[in-house]
Amino acid sequence: MPCCWRMSKKDDMWAFSGTRYADCNGSEASEETEIAVNIGGVKHILYGDVLNRYPETRLAELVNRATDSTREDLSALCDDYDDLKREFYFDRDPEAFKCILELYNYGEIHMKRGICPMCFMREMDYWVIDTEYLDECCRSSLNEVETELAEIAEKVKTILDDLEGDATVTRGQRCQAFLWKLMEKPESSLAARTIAVVSFAFILLSSVVMCVSTIPELQVQDAEGNLVEHPTFESIETACIIWFTVEYILRLVSSSNKLQFVFSFMNIVDFLAIMPFYVVLILTHLGTAMMELANVQQAVQALRIMRIVRIFKLARHSSGLQTLTFALKSSLKELGLLLMYMSVGVFLFSALGYTMEQSHPETMFTSIPQSFWWAIITMTTVGYGDIYPKTTLGRCNAAVSFLCGVIAIALPIHPIINNFVIVYSKQRVLETAAKHEIELMALRAKEEAPQECSVSEAGKMASADNISVCNRAAVSTSQSDTCIPLLGETATVSKVQPSHKRKKK
């Protein structure tokens, strides 16, 4: 590769060399195409033929304008310029600039360890270099950081939306927003927290009643002598269903996007939790006239079993269950490997067990599909004992299947637990980062608050929960150095914009 740049410290003596190596294309260097740049106190000699390999970048435009442009034009491309030394000054990170120079030498960029990915993105944007030149390993790290910042931005947006609403909305919209926060955001007020606790209590009560009502000693006989639920349990069940129905309707009415609300997973669970009750009522009243009572009772019994889905309603009020759901979702690959290992083992050892036990007159392995049950309970270390081998080879096969099952189950467990820890820690970090972002925005809004606002009113802005309506616009528009795209707006990644647009590939 050509020796296209050199560097030294700020206090070193510099002399421009008149010769250099030819580049990879065989073109000779010339003194007229070289420029000196000072990046945060570190000097570099750059050559035009090398920089012009990427003519859309800031450095290429700088070297092309260095000879025939005015000082004002050059000042738009750098922070300062020395006419005597013909040296351009940039107040940028010198370590990040070393990575930037790799593009001109090697055609791709690698981020050094210890450099913040978002800060490096601002450096690339300043030098007008597209992210497609990043190596795949660095790009994946950048994507992870961008995803985290997007999640923080979403949490910040949620917090800002929970503050006092805009005065321009109608009274109906304010009532709808108030009802939505009351039913969906327990942290917004004491009343909302109370409703969440009551809803949680109803879920537990309904689940307990569903289990206790199946105890024969607590059931009563109907006119035909059949055991049915006690009337007291039916009354409690009816009260719980009424609460769930009212809660679902209020949340549906207050939702801004009702179609998205209806097809949300947790809302589908809520609907399935209350739907069997009303279907049972309809079948009970219409069954005697339209169909046989036995068929109605079978349908009613099947629908009553669907009441167990209401236990999933606990996930709405439990951040731990939500974190577990996210962790399992991120561990689908590990779970798939576990199922694949177990499926292969079950098929293999059940076939071997059936073959080895055929010679025994009292064999319990009558077929390979019937042997699947034995292989499953053996590899999962359950061992009911209802099916067991009686030959020596069959017992050896059972021992090997037991050991393989332990290994197959133990291998993916650590990655799954690790994913849970990562997801849980990430959720805590994101919540803390969102609160810090709100506090920083509040402090900046306090500094930029209008002079007519009193000192006491401005002091309250330091708390994210007490941002006044008159200053909320200033809070929502002030952004921190993390460059989070708040409220759907595109954050500015660099205060000094290039004088030309980035060319699209």
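Because the structure is predicted, anything quoted here is derived from the model rather than measured. (Residues numbered from 1 in each chain as written. Predicted model: local features only at pLDDT ≥ 70, side-chain atom pairs only at ≥ 80, totals over all residues. Heavy atoms only, no water.)

Enquirer: Account for the packing of helix H16 (residues 368-379) against helix H17 (residues 392-447), naming residues and giving values.
Expert: As a packed pair, H16 and H17 sit with axes 8 Å apart at the nearest point and diverge in direction by 55°. Regarding the angle of H16 to H17, the classification is oblique. Residue-level contacts link Trp374, Thr378 and Met379 of H16 to Asn397, Ala398, Ser401, Phe402, Cys404, Gly405, Val406 and Ile409 of H17. Its residues assigned to classes, the contact of H16 with H17 comprises seven nonpolar, four polar and no charged. (Axes fitted to C-alpha atoms, helices over the stretch in contact; angles between N-to-C directions. Helix = DSSP H or I, 4+ residues; strand = E, 2+ residues; numbered from the N terminus. Parallel < 35°, antiparallel > 145°, perpendicular 65-115°, else oblique. Contact = heavy atoms within 4.5 Å. Nonpolar A, V, L, I, M, F, W, Y, C, P; charged D, E, K, R; others polar.)

Enquirer: Describe unusual backbone geometry, and please don't skip the residues or the numbers.
Expert: One non-glycine residue with positive phi stands out, namely Val128, at about 55°. With respect to the helices and strands, the residue Val128 is situated in the loop between helix H5 (117-126) and helix H6 (136-162). In this structure Val128 comes out as buried when scored by relative accessible area, which is 2%. Despite not being glycine, Thr381 shows a phi value in the positive range, around 60°. Note on placement: Thr381 falls in the loop between H16 and H17. Looking at Thr381, the relative accessible area reads 46%, which means it is partly exposed. (Buried < 20%, exposed > 50% of the residue type's maximum accessible area, 1.4 Å probe, protein only.)

Enquirer: Break down a nonpolar patch on the surface for me, with residues and values.
Expert: Where nonpolar side chains cluster on the molecular surface, the patch consists of Leu321, Leu324, Leu328, Ile413, Ile417, Phe420, Val421 and Tyr424 and spans about 650 Å² of accessible area. Broken down by secondary-structure element, the contributors of at least two residues to the nonpolar patch are helix H14 (319-330) and H17. For the nonpolar patch, the leading source of residues is H17, giving five residues. With a relative accessible area of 37%, Ile413 lands in the partly exposed category. (Patch = residues over 30% accessible without salt bridge, like charges linked within 9 Å, V, L, I, M, F, W, Y side chains within 5 Å. Areas by Shrake-Rupley, 256 points an atom, 1.4 Å probe, with all protein chains shown as cover. Salt bridge = Lys/Arg side-chain N within 4 Å of Asp/Glu carboxyl O.)

Enquirer: Describe the environment of Thr238, and please don't skip the residues or the numbers.
Expert: Structurally, Thr238 is set in helix H9 (residues 231-254). There is a polar contact of 2.8 Å between the side chain of Thr238 and the backbone oxygen of Glu234. (Polar contact = N/O pair within 3.5 Å; in protein donor to acceptor, adjacent residues only side chain to side chain.)

Enquirer: Before we move on, could you go through the packing of aromatic side chains and cite the residues and values that matter?
Expert: Counted under the stated rule, the structure contains 13 aromatic pairs. Look at Tyr248 and Phe261: their rings are 5.7 Å apart centre to centre, the planes differ by 50°, and that puts the pair in the tilted class. Residue Tyr248 is found in helix H9, and its partner Phe261 is found in helix H10 (residues 258-262); the two are separated by 13 residues along the sequence. By the burial criterion, Tyr248 is buried, and Phe261 matches it. Centre to centre, the rings of Phe365 and Trp374 are 5.2 Å apart; their planes meet at 80°, and the pair counts as edge-to-face. Just as Phe365 is buried, Trp374 falls in that class too. Each residue in the set Phe90, Phe97, Tyr126 and Trp127 is aromatic and connected to the rest through ring pairs, giving one cluster. Sitting over the ring of Tyr126, Arg58 keeps its end group 3.9 Å from the ring centre. In this arrangement the basic side chain of Arg92 is found over the ring face of Tyr126, its NZ or CZ atom lying 4.1 Å from the centre. (Phe/Tyr/Trp six-rings, centres within 6.5 Å; stacked < 30°, edge-to-face > 60°. Lys NZ or Arg CZ within 6 Å of the ring centre and 35° of its normal.)

Enquirer: Which residues make up the nonpolar core, and what values go with them?
Expert: Counting residues in hydrophobic clusters, the biggest one holds 48 residues, and the most contacted among them are Phe88 and Phe120. The element best represented in this core is helix H4 (residues 94-106), accounting for seven residues. Apart from residues no more than four positions distant in its own chain, Phe88 is found in contact with Ile35, Ala36, Val37, Asn38, Leu62, Ala66, Leu74, Cys78, Asp80 and Tyr81. Among the nonpolar cores identified, the runner-up in size contains 11 residues, and Leu338, Val346, Phe349 and Ala375 belong to it. (Core = buried A, V, L, I, M, F, W, Y, C linked by side-chain atoms within 4.5 Å.)

Enquirer: Explain the pattern of salt bridges to me, using residue names and the numbers behind them.
Expert: Under the definition given, this model contains eight salt bridges. A salt bridge links Glu184 to Arg251, with the nearest nitrogen and oxygen atoms 2.5 Å apart. Here Glu184 is found in helix H7 (residues 171-184), whereas its partner Arg251 is found in helix H9, with 67 residues between them in sequence. Assessed through its relative accessible area of 2%, Arg251 is described here as buried. One salt-bridge network, in which partners are shared between bridges, spans Glu95, Lys98 and Lys112.

Enquirer: Now, about the pairing of strand S3 (residues 42-47): what can you tell me, with residues and values included?
Expert: Of all six residues in S3, six are buried, a share of seventy percent or more. Of the two faces of S3, both are covered, the one formed by Val42, His44 and Leu46 as well as the one formed by Lys43, Ile45 and Tyr47. In terms of strand pairing, strand S2 (residues 34-39) meets S3 through six bridges, oriented antiparallel. Looking at S3, one finds that Ala36 is bridged to Ile45. (Pairing = 2+ DSSP bridges.)

Enquirer: Explain the confidence of the model for the protein chain to me, and be specific about the residues and the numbers.
Expert: Chain-level pLDDT for the protein chain is 75 on average; 73% of the residues reach the 70-or-more range. Within the protein chain, the lowest mean pLDDT, 40, falls on helix H19 (residues 469-477), and the highest, 92, falls on H16. Counting interchain partners and residues more than four positions distant, the pLDDT-below-50 stretch residues 1-31 has 57 contacts. (pLDDT = per-residue confidence, 0-100.)

Enquirer: An account of the environment of Lys112 is requested, with residue identities and associated values reported.
Expert: The residue Lys112 is located in the loop between H4 and H5 in this model. Measuring from C-alpha to C-alpha, the distance between Lys112 and Cys138 comes to 9.1 Å, with 26 residues separating the pair along the chain.

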